[in-house]
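Observations on chain architecture
Residue strings, one per chain:
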Amino acid sequence: MITNWAGNVTFSARRLRRPTSIAEVRELVADADKLRVLGSGHSFNTIADTTGDLISLADLPPVVSLDERRGTVTVSAGLRYGEVVPQLHAAGYALHNLGSLPHISIAGACATGTHGSGVGNGTLASAVVALDLVTADGDLRTISHGDELFPAAVVGLGALGVVTSLTLALRPTFDVAQYVYDDLPYAAALDGFDAIMTSGYSVSLFTDWAGPRFNQVWVKRLAGGEPPQEHWHGATLADGPRHPVPGMSAEHCTAQMGVPGPWHARLPHFRLEFTPSSGEELQSEYFVPRDQAVPGLAALDGLRDRIAPVLQISEVRTIAADDLWLSPSYGRDTVAFHFTWVKDTEAVLPVLEEIEAALAPFGARPHWGKLFTMPAEVVATRYPRLADFASVATHLDPTAKLHNPFLTPYLQA
Ligand SMILES: Cc1cc2nc3c(=O)[nH]c(=O)nc-3n(C[C@H](O)[C@H](O)[C@H](O)COP(=O)(O)OP(=O)(O)OC[C@H]3O[C@@H](n4cnc5c(N)ncnc54)[C@H](O)[C@@H]3O)c2cc1C
C-alpha cells in the first residue's frame, strides 16, 4: 500500500516504478496508458494519484551540477532540497528561499507552487530557469526561460509530463539570524501588517486562532543587522527557542535567538537532521493579494470559533509576484493564509468551505498540494491562465495519460 506522507491518501496505482536512468523514464512514459509522478509524497490531496503507474525518480543518479559562469545549478528531479542545499552553501551559493521543511522534493515543490515567506521572495519555482521534461509520448524536451512553454511548465502539476531535471538560479551564500517574538496582539498585527512583514528577509506570523493574538512572529533577518528590540508592536522577544505549535518542543526547529547561520539552516522552520517520516496533520492554504491581507485576516477572524477547535496552527506568509501561470502568486504580490489541521478530514472539510466563502471576495486561490473544497469552475476564475494551461496539457498529452480525477476538471480545455 502506497500512501502520502500524512497517510490521508492511499494511492490507487497498480504499481510503483523506480527508473534508474532517463532512458528508462522515457520508455516507461511512452509505454504507459496512465501514469503520474510521485515526488516525496508531501501533498495532502490526490494530485499525484493514478490508477496506472506511479513513477518515483528517487533512484535516478543524484546529479548536482554547478554552472558558476551562469550562476545556476542543475539538479535531478528526484532530489529533495535537503540533499542539495548544504552542497550549494559549501560551494559559496544559495537559493533565494526554502519552504518550512527541507525534506520535500525539488520537482514536487516546484510543480505545486510551494513557497516560503518574504515580501521580496517569489515561490520556490521562481528560481527555475530551465527544466527537462519527458512528455507523454516519451520525448525529452528542454524548456528554458524565454520559451513559449516555460510559464506553463514550471508550476506544471505533473500534468505536462515528467520533469527529470531542473536548473535553478543561484545567488551568493548568505547568513541569516532568526528571532521569535511571543504574543503579537491581533489588532497590532493588523495595524502594523506591512511594517511587520517587511521587517525581515522572511517573516511568518503564527496563530492558533484561540485568542486575539498571533502566538509567535518568526523574523528571519540577514545576519549582521541591528539587534532586535525587546518589545515590538506589542510583542515580546522570546526568552528561549520556540516550536510554531505552542507547547511543543523546539528541538526539531531551526536555531533561533539570533544565532547566525547559513540560509539553508535558518529559512526552513524545521531542521534538516530531523526527518519526519509521516505526519499527524492535514494542511490547507489560501492566497490573496497582499494588499488585501488585513481585510482577509479580518474575514478569518470572524471564523475563529470554527477554525480553532480543529486547528493545530495557522501561519501567515508573504510571496512576491511571478509570471508562472499556475503559481499561487501569478501576477500579484501575495499573502498566504496557511492552516495545519488536526488529522480529521470530516471535521476539517466543512470549515474549509466556510473559509473559502469568507475569502471569496478577495479572489483566494487554493494551494495545489493541500486540501480545499472549491469547485474547479471557481478555481478557474482564481487562476486566470488555467484554460491556457489546459490547452498546453491537451497538446502535450492528447490521450490524457497524465490525468486523474483530481486534475481532469482543470485540464478540460
Ligand atoms: C510538513 C509539510 C510542510 C510543508 N511546507 C510547505 C511550505 O512551507 N510551503 C508550501 O507552499 N507548501 C508546503 N507543503 C506542501 C508541499 O510543499 C507540496 O505539497 C509539494 O508539492 C510537495 O512536494 P512533493 O515532492 O512531496 O510532491 P508530491 O506530493 O509527491 O507531488 C505533488 C505534485 O507534483 C508532481 N510532481 C512531483 N515530482 C514531479 C516530477 N518530477 N515531474 C512532474 N511532476 C512532478 C506530482 O505528480 C504531483 O502532481 C508542506 C507539506 C508538508 C507535508
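Remember, it's a predicted structure, so these values are computed and weren't measured experimentally.

**A word on the packing of aromatic side chains**
Enumeration according to the criterion identifies 13 aromatic pairs in this entry. Summarising the aromatic geometry, the rings of F174 and Y201 are spaced 5.2 Å apart at their centres and angled 55° between planes, so their arrangement reads as tilted. Linking F174 in the loop between β10 (171-172) and β11 (175-185) with Y201 in the loop between α6 (193-197) and β12 (202-207), this pair joins segments that are 27 residues apart in sequence. Here F174 falls in the buried class, since its relative accessible area comes to 13%. Relative to Y410, the ring of F406 has its centre 5.8 Å away and its plane inclined at 55°; by these criteria the two rings are tilted. An aromatic cluster is present here, built from W368, F372, Y383, F406 and Y410 joined pairwise through their rings. The lysine or arginine in question, R304, covers the ring of Y186, its NZ or CZ lying 5.4 Å from the ring centre.

**Quick look at the site of the ligand**
Near the ligand, the surroundings consist of 36 residues, among which V37, G39, H42, S43 and S105 are the closest. T114 has a polar side-chain atom sitting 2.8 Å from an oxygen atom of the ligand. When the ligand sits alone it has 970 Å² of accessible area, and the protein chains cover 97% of it. Those elements that place two or more of their residues in the shell around the ligand are β2 (35-38), α3 (106-111) and β9 (162-169).

So, how was this worked out
- Residues numbered from 1 in each chain as written.
- Predicted model: local features only at pLDDT ≥ 70, side-chain atom pairs only at ≥ 80, totals over all residues.
- Heavy atoms only, no water.
- Phe/Tyr/Trp six-rings, centres within 6.5 Å; stacked < 30°, edge-to-face > 60°.
- Helix = DSSP H or I, 4+ residues; strand = E, 2+ residues; numbered from the N terminus.
- Buried < 20%, exposed > 50% of the residue type's maximum accessible area, 1.4 Å probe, protein only.
- Lys NZ or Arg CZ within 6 Å of the ring centre and 35° of its normal.
- Near = heavy atom within 4 Å.
- Polar contact = N/O pair within 3.5 Å; in protein donor to acceptor, adjacent residues only side chain to side chain.
- Areas by Shrake-Rupley, 256 points an atom, 1.4 Å probe, with all protein chains shown as cover.

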